[in-house]
Amino acid sequence: MRAVEEAVRRPVHSSLVRHALEILVLSLCLLLILRQWGVEPYEVPTGSMAPALAGHHRACDCPRCGYPVVVGRHPRDRGTDTAPFRCYRGAFCPNCGRTGLDLHEAPHRQGDQVLVNRNVYAFRRPRRWELIVFRLFGVTFIKRLVGLPGEEVEICDGDLYLDGALLRKSLTEFNALRLPLFDNDFQPQPEGWRRRWEVVATDSGPHPLAGTVLTLDGEGDRERYRLLTYANYQLDAGQCQPINDEYAYNGSDRGPRTLVHDFMMEARVEVQGDAGWVLFGITDGHDHLVAEIPVGAGEARLRAVRAWPPTAETLAEQEPGVLRAAHDMHLEAGTGHRVELAFVDRRLTLAIDGTLVFAPLDLPAVRRRPGVVRPAVLGARGVKAVVRNFRLFRDIHYTSAGPNAAPGKPVLLGPDQYFVLGDNSPNSQDSRFWPDGGVVPARGLLGQPFVVHVPGRAVGGAGAGADLDWGRVHWLR
């Protein structure tokens, strides 16, 4: 009987080996074809572009909230099966702040591998905000292009200024480089995120948060909003704190922190009820803006408020000065809508289901703003709003480290020169530090990475052969 079983097994094993060899041969053929057409693979070695691209790193899921934590490999980590605990003692979850993660026992993973189009700049000029691969000082780099030939580039209060004017991003551009701050789908155990969702003390009824779903029941009052404020409550500190530019990817290298002011909220909203309003509010610490979207008949409107966070009373008392209005935008009852609200680079942008509700609102540049503890507000009146998949993001806050990033000392680019920065600003060697103004000459450009085709995979020791996270295979913008 055993002989029969083994006779059956051999062809199966042989077919698996043959199948693997066929895949390998096809992969090699595809690689040769891609190279012929000017497409080459490139492995990202460092975390200067994190979180968009990960260098060599270790990763685990937070034991308290389940959020995936990725931390760049420590300089004293040899990339073997395990690392000394002290290398990752300061690692923390960017969602709930949990420390003491067992990252030293997680498998070492390679950097992301990207495909680079080496011919793209033979047909067009490089574009702002896109990733580029270039060679400088005999080293190959991958960074984000921010300054174009002939421009005067300056970094001030974390923002970029070109020719003395604040550089503003579109919503599409911001989505390509936004940094995650909070994901309501990952709830810390056992208490959940109720401390981060504040309701007015006089409101009665159950808390709006149930599991990962937020419910704003405003059906009982058509005149006053039922409001819910997001607060940056830190579980371990037991208090609300201003949001700063901390990078979980950098692990124990936390360094000095700087307050940040540019935020975006994203959520899926479903409305129950035929007539009423849903409100989305956001602040950068200096100005406070609320967008009110009708359910059924009405005019969508954008206005500023003086008190933050707003209450039903202060909203009712506000003068009706409307900054933007839209007659043809409303929410439909029983339909899920994807809402994106960003207040970045002093530009307010609101999109529903991928369509801009208003023309972007640009406010004058402000170089000093107070810290932000409560960046976002949700509200409903006359209807019930069910909010799922709420996430909060921030913009990159470029540090002023380096001789080419000092405020008041802009860098003037020549006719064939570019200025580049890393997304992981506290941990990136880029144009802020390099000699001769940090410029990258056009002749050094090698191409544009356009897809992560092999996300970081485990190597060596017990982690070898671990499944790739194919969900991270994606096009780059």
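Anything mentioned here points back to the structure above.
Let me begin by describing the structure that accompanies this report. Source: prediction; values computed, not measured.

### A look at the overall build of the protein
Phase 1: The helix and strand tally for the protein stands at 3 helices and 33 strands.
Phase 2: The buried share among the 477 residues of the protein stands at 50%.
Phase 3: Contacts spanning at least 24 positions in sequence make up 69% of the contacts within the protein whose residues lie at least 6 apart.
Phase 4: Split by element, the accessible area of the protein, about 22,100 Å² in all, is 53% carbon and sulfur.

### Observations concerning the packing of aromatic side chains
Phase 1: For the structure on display, the rule yields 13 aromatic pairs.
Phase 2: When the centroid spacing of 6.3 Å and the interplanar angle of 55° are considered together, the rings of F182 and F390 count as tilted. Placement of the pair is F182 in strand 11 (residues 179-183) and F390 in strand 28 (residues 384-394), with a sequence separation of 208 residues. Just as F182 is buried, F390 falls in that class too.
Phase 3: Measuring from ring centre to ring centre gives 6.1 Å for F450 and W475, while their planes differ by 25°; the resulting arrangement is stacked. Taken together, the positions of F450 in strand 32 (residues 445-454) and W475 in strand 33 (residues 474-475) put the pair 25 residues apart, joining distant regions of the chain.
Phase 4: For W475, a relative accessible area of 64% gives the class exposed.

### A few points about unusual backbone geometry
Phase 1: In this structure, P190 follows Q189 across a cis peptide bond, with omega equal to 5°.
Phase 2: Along the polypeptide, P190 turns up in the loop between strand 11 and strand 12 (197-198).
Phase 3: Note that the residue after W308, namely P309, is joined by a cis bond; omega there is -5°.
Phase 4: For P309, the location among the structural elements is in the loop between strand 21 (300-304) and helix 3 (312-317).
Phase 5: With a phi close to 55°, D353 is a non-glycine residue in the positive phi region.
Phase 6: By the element assignment, D353 lies in the loop between strand 24 (347-352) and strand 25 (355-356).
Phase 7: Taking relative accessible area as the criterion, D353 reaches 41% and is therefore assigned partly exposed.

### Let's talk about the pattern of salt bridges
Note on pairing: side chains with opposite charge can pair once their charged atoms come close.
Phase 1: Tallied over the full model, the rule gives 29 salt bridges.
Phase 2: As a salt-bridge pair, E313 and R224 come within 2.6 Å of each other at their nearest N and O atoms. Taken together, the positions of E313 in helix 3 and R224 in the loop between strand 14 (213-217) and strand 15 (226-230) put the pair 89 residues apart, joining distant regions of the chain.
Phase 3: You can call E313 partly exposed: its relative accessible area is 37%.

### Observations regarding the sheet that holds strand 27 (residues 376-381)
Phase 1: One open sheet accounts for 7 strands, arranged 12-15-27-19-20-21-22; its pairing is antiparallel. On the outer flanks of this sheet lie strand 12 and strand 22 (324-326), each paired with one strand and no other.
Phase 2: Here strand 19 (residues 276-283) runs beside strand 27; their pairing, made up of 6 bridges, is antiparallel. By the bridge assignment, L279 is partnered in strand 27 with G379.

### Overview of the side chain of Q187
Phase 1: By the secondary structure assignment, Q187 is in the loop between strand 11 and strand 12.
Phase 2: A polar side-chain atom of Q187 sits 2.8 Å from the main-chain carbonyl oxygen of N184.
Phase 3: Of note is the side chain of Q187, whose polar atom sits 3.5 Å from the backbone oxygen of G211.
Phase 4: Ignoring anything within four residues of it in the chain, the contact list for Q187 reads R64, C65, G192, W193, L209, G211 and T212.

### A few points about the sheet that holds strand 3 (residues 68-72)
Phase 1: Pairing is antiparallel in the open sheet, where 3 strands are placed in the order 3-2-4. With one partner strand each, in any of the chains shown, strand 3 and strand 4 (108-109) form the two edges of the open sheet.
Phase 2: Taken together, the 2 bridges between strand 2 (residues 57-61) and strand 4 define a ladder with antiparallel strand orientation. Looking across to strand 4, one finds that H57 is bridged to R109.

### Notes on the pairing of strand 23 (residues 336-344)
Phase 1: Of all the 9 residues making up strand 23, 7 are buried; the element is thus mostly covered by neighbouring parts of the structure.
Phase 2: Pairing of strand 23 with strand 24 involves 6 bridges; the strand directions are antiparallel. Across the sheet, the residue bridging to V344 is R347, located in strand 24.
Phase 3: Here strand 23 hands over to strand 24 after 2 residues, with D345 in that stretch at a positive phi of 55°.

### Side note on the environment of V153
Phase 1: Within the fold, V153 resides in strand 8 (residues 152-156).
Phase 2: Residue classification places V153 among the buried positions, given a relative accessible area of 1%.
Phase 3: For V153 and L167, which are 14 residues apart along the polypeptide, the C-alpha to C-alpha distance reads 9.7 Å.

### Focus: the environment of G438
Phase 1: In this fold, G438 is placed in the loop between strand 30 (417-421) and strand 31 (440-441).
Phase 2: Owing to a relative accessible area of 0%, G438 belongs among the buried residues under this scheme.

### Notes on the nonpolar core
The tendency in soluble globular proteins is for nonpolar side chains to be buried as a group.
Phase 1: By size, the foremost hydrophobic cluster in this structure holds 63 residues, and its most contacted members are W197, F280, V357, L378 and F390.
Phase 2: It is strand 18 (residues 263-272) that provides the largest number of residues to this core, a total of 5 residues.

### Regarding the pairing of strand 2
Phase 1: Bridge count between strand 2 and strand 3: 5 bridges; the pairing is antiparallel. Looking at the pairing, D61 lines up with P68 of strand 3.
Phase 2: Connecting strand 2 to the next strand, strand 3, in antiparallel fashion are 6 residues, including G66 with a positive phi near 85°.

Quick notes on the rules
- Residues numbered from 1 in each chain as written.
- Predicted model: local features only at pLDDT ≥ 70, side-chain atom pairs only at ≥ 80, totals over all residues.
- Heavy atoms only, no water.
- Helix = DSSP H or I, 4+ residues; strand = E, 2+ residues; numbered from the N terminus.
- Buried < 20%, exposed > 50% of the residue type's maximum accessible area, 1.4 Å probe, protein only.
- Contact = heavy atoms within 4.5 Å.
- Areas by Shrake-Rupley, 256 points an atom, 1.4 Å probe, with all protein chains shown as cover.
- Phe/Tyr/Trp six-rings, centres within 6.5 Å; stacked < 30°, edge-to-face > 60°.
- Salt bridge = Lys/Arg side-chain N within 4 Å of Asp/Glu carboxyl O.
- Pairing = 2+ DSSP bridges.
- Polar contact = N/O pair within 3.5 Å; in protein donor to acceptor, adjacent residues only side chain to side chain.
- Core = buried A, V, L, I, M, F, W, Y, C linked by side-chain atoms within 4.5 Å.

The values are spatial; any link to function lies outside them.
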